[in-house]
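Next come the chains, spelled out residue by residue.
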Amino acid sequence: MTKMTTVHRIVNFAPGPAVMPLPVLEEIQRDLVALPGVGMSILEVSHRSKVFESILAQAEADVRTLAGVPSNYRVLFLQGGASLQFSMVPMNLLPPGATADYIDSGRFADNAVKEAKKAGTINVAASTKAEQYSRIPSQADLKLTPGAAYVHMTANNTIEGTESTRLPEVGEVPLVSDTTSNMFSRPLDVARHALIYAGAQKNLGPAGVTLVIIRDDLVARSAERKASLGSMLNYAVLAETNSLYNTPPCFAIYALGLVMKWLVARGGLAAVGQANERKAAKLYAEIDRTGFYRGLARKEDRSVMNVTFRLSTEDLEKAFVKESTAAGLDGLKGHRAAGGMRASIYNAFPEEGVDALVAFMKDFERRHG
Ligand SMILES: *Cc1c(COP(=O)(O)O)cnc(C)c1O
């Protein structure tokens, strides 16, 4: 691909919306005024046109290829972000009289619990809130409800920097996972889940679209709510209309499709996962090198996507934020609820950016240590 831009881009550690693959941005820029062979911008085409139908179909096909999505799952492109899924999951899948289990592994998981409580009966099966969410609850921690409507988990805790490397054992109970901040960061076993959802703006594309992969039996369960739930909130309606009940976020779906194509071209999720492991390992090695920096997450549960760490005083942390920003390393200040630093290094984040941060950290320690 020819280089369209030579503008200066900073090293962007933002947690989301986050860095996008440069070749994707360049393709969007090149084709924004007129899609090749179409003569119209993606911003101008009808969502009922053949052009958009094929963009949607290709995005779905690439999602299916990348994740090996079995044929008894539907792939949906919805709106409202991951936060709307906090409500839609219980509204569709938690019948009156039933209980849903929630694993409270972080602040977004806690938000999911709060929203679900408005829709039905919730059991918090385990929580690490009292430990500042520094670890993922273990299998032994889980107090699961026999015959629960589903179990809800958060695959990667974006704010705290912890990640589940193993799925909880839940037997026949449907497993629902919020994968917003690590979707497609490595291979995933779709068949062990009943529903997977991810807001796109961290690892999949721009804000405005939410990827939902849902098993047929849960679509059928949601069909029982058709008469009582608004159509835009009902998985069965959205699946029957192939995400086209109303005007979908056409541009965001197009851009997500380009990111999927980029992932396929990089060799798929196994290759992408290896690159992500290498990036994260470099950063954690620097955090652990002398004790000047301190990782926030328990080592076994460290996230490959969001690397959180603190320094010994808040003054030093302020200096770190100020100096790193001045050095062109942007977005390292941690979430206000967790404090310290957070380096978000999603799929599109380049390894050179990690190298630049490691070099900065060594230099900062030399000057302030
Ligand atoms: C960012 C994030 C959310 C919230 O996503 P929205 O799309 O803004 O609603 C939910 N869960 C996790 C794990 C996140 O990282």
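Overview of the structure. Sequence positions are assigned chain by chain, starting from 1 and proceeding in written order. Local features in this predicted model are restricted to residues whose pLDDT is 70 or higher, and side-chain atom pairs enter the listing and the counts only when it is 80 or higher, whereas totals over whole chains, interfaces and linings include all residues. Side-chain measures here rest on the full set of heavy atoms in the structure, leaving out hydrogens and waters.

## Some words on the pairing of strand β9 (residues 195-199)
And then number 1: Under the scheme applied here, a residue whose accessible area is under 20% of the maximum for its type counts as buried, over 50% as exposed, and between as partly exposed, the area being computed with a 1.4 Å probe on protein chains only. A helix here means a DSSP run of H or I that spans at least four residues, while a strand means a run of E at least two residues long, and both kinds are numbered starting from the N terminus. With respect to burial, β9 is a largely interior element, five of its five residues being buried.
And then number 2: Covered by surrounding structure in β9 are Leu-195, Tyr-197 and Gly-199 together with Ile-196 and Ala-198, the residues of both alternating faces.
And then number 3: Strand pairing is assigned whenever DSSP detects at least two bridges linking the two strands. Pairing of strand β8 (residues 175-178) with β9, which is carried by three bridges, proceeds in the parallel orientation. Its bridge partner lying in β9, Val-176 is registered against Leu-195.
And then number 4: Bridge count between β9 and strand β10 (residues 210-215): five bridges; the pairing is antiparallel. Counted as the bridge partner of Leu-195 is Ile-214 from β10.

## Describing the side chain of Ser-181
And then number 1: Position of Ser-181 among the secondary structure elements: in the loop between β8 and β9.
And then number 2: Assessed through its relative accessible area of 1%, Ser-181 is described here as buried.
And then number 3: Identification of polar contacts relies on pairs of N or O atoms within 3.5 Å, with a donor-acceptor requirement for protein atoms, meaning one able to donate a hydrogen and the other able to accept it, and with residues adjacent in sequence counted only if both atoms are side-chain atoms. In terms of polar contacts, Ser-181 uses its side chain to reach the side chain of Asn-156, at 2.8 Å.
And then number 4: Within the local environment of Ser-181, its side chain forms a polar contact with the side chain of Thr-158, the two groups lying 2.7 Å apart.
And then number 5: Only heavy atoms matter for contacts: two residues are in contact if any of them lie within 4.5 Å across the pair. For Ser-181, the residues in contact, after removing those within four places along its chain, are Asn-156, Thr-158, Lys-202, Asn-203, Met-305, Asn-306 and Tyr-346.

## Here we look at the environment of Leu-188
And then number 1: Structurally, Leu-188 can be placed in the loop between β8 and β9.
And then number 2: For Leu-188, a relative accessible area of 22% puts it in the partly exposed group.
And then number 3: Along the sequence, Leu-188 and Thr-165 sit 23 residues apart, while their C-alpha atoms lie 10 Å from each other.
And then number 4: Non-local contacts of Leu-188, meaning those with residues more than four positions away in its chain, are made with Ala-67, Met-183, Ile-196 and Leu-269.

## A closer look at the sheet that holds strand β14 (residues 341-344)
Strands belonging to one sheet form pairs held by backbone hydrogen bonds; the direction of such a pair is parallel or antiparallel.
And then number 1: Taken together, the three strands give an open sheet; going across it, the order is β11-β12-β14, and neighbouring strands pair in antiparallel fashion. Looking at strand neighbours, the two that pair on one side only are β11 (294-295) and β14, the edges of this open sheet.
And then number 2: Interaxial angles span 0 to 180 degrees and are taken between N-to-C directions of axes, which are lines fitted to C-alpha atoms, for helices over the stretch in contact. Contacts from helix α8 (residues 268-288) reach β11, β12 (306-310) and β14, with the element oriented near 10° to β12.

## Structural notes on helix α2 (residues 50-67)
And then number 1: Across its 18 residues, α2 extends 26 Å between first and last C-alpha, which sits within 8% of the 26 Å expected from 1.5 Å per residue.
And then number 2: Among the residues of α2, Phe-52, Ile-55, Leu-56, Ala-59, Glu-60, Asp-62, Val-63, Leu-66 and Ala-67 are the ones counted as buried. Seen from one end, α2 has its buried residues packed into an arc of 160°, which puts them on one side. Exposed residues on α2 whose side chains face more than 90 degrees from its buried face are Lys-50 and Thr-65.
And then number 3: In this fold, the buried residues of α2 make contact with β2 (73-78), β10, α7 (250-265) and α8. The length a helix should cover is 1.5 Å for every residue beyond the first. Arc definition: directions from the helix axis to the C-beta atoms.

## As for the site of the ligand
And then number 1: Near residues are defined by distance, with any heavy atom within 4 Å of the molecule or strand qualifying the residue. Residues in close proximity to the ligand total 13 residues, the closest being Ser-83, Thr-158, Asp-178, Gln-201 and Lys-202.
And then number 2: Asp-178 places a polar side-chain atom, nitrogen or oxygen, 2.6 Å from a nitrogen atom of the ligand.
And then number 3: Lys-202 is positioned such that a nitrogen or oxygen atom in its side chain is 2.6 Å from an oxygen atom of the ligand.
And then number 4: For the shell around the ligand, the element with the most residues is helix α3 (residues 81-93), which contributes four residues.
And then number 5: When residues are sorted by character, Ala, Val, Leu, Ile, Met, Phe, Trp, Tyr, Cys and Pro go into the nonpolar class, Asp, Glu, Lys and Arg into the charged class, and all the rest, Gly among them, into the polar class. The class makeup of the residues in the shell around the ligand is three nonpolar, eight polar and two charged.

## Re the environment of Val-173
And then number 1: Inspection of the secondary structure assignment puts Val-173 in the loop between β7 (162-163) and β8.
And then number 2: Look at Val-173 and you get buried, because its relative accessible area is 18%.
And then number 3: With 72 residues separating them along the chain, Val-173 and Asp-101 place their C-alpha atoms 9.8 Å apart.
And then number 4: For Val-173, the contacting residues outside a window of four places in its chain are Ala-148, Ala-149, Tyr-150 and Val-151.

## Describing the side chain of Asp-104
And then number 1: One can find Asp-104 in strand β3 (residues 99-104).
And then number 2: Among the polar contacts made by the side chain of Asp-104, one reaches the side chain of Tyr-133 at a distance of 3.0 Å.
And then number 3: When near neighbours in sequence (up to four residues on either side) are disregarded, Asp-104 contacts Ala-109, Asp-110, Val-124, Ala-126, Ser-127, Thr-128, Lys-129, Tyr-133 and Pro-137.

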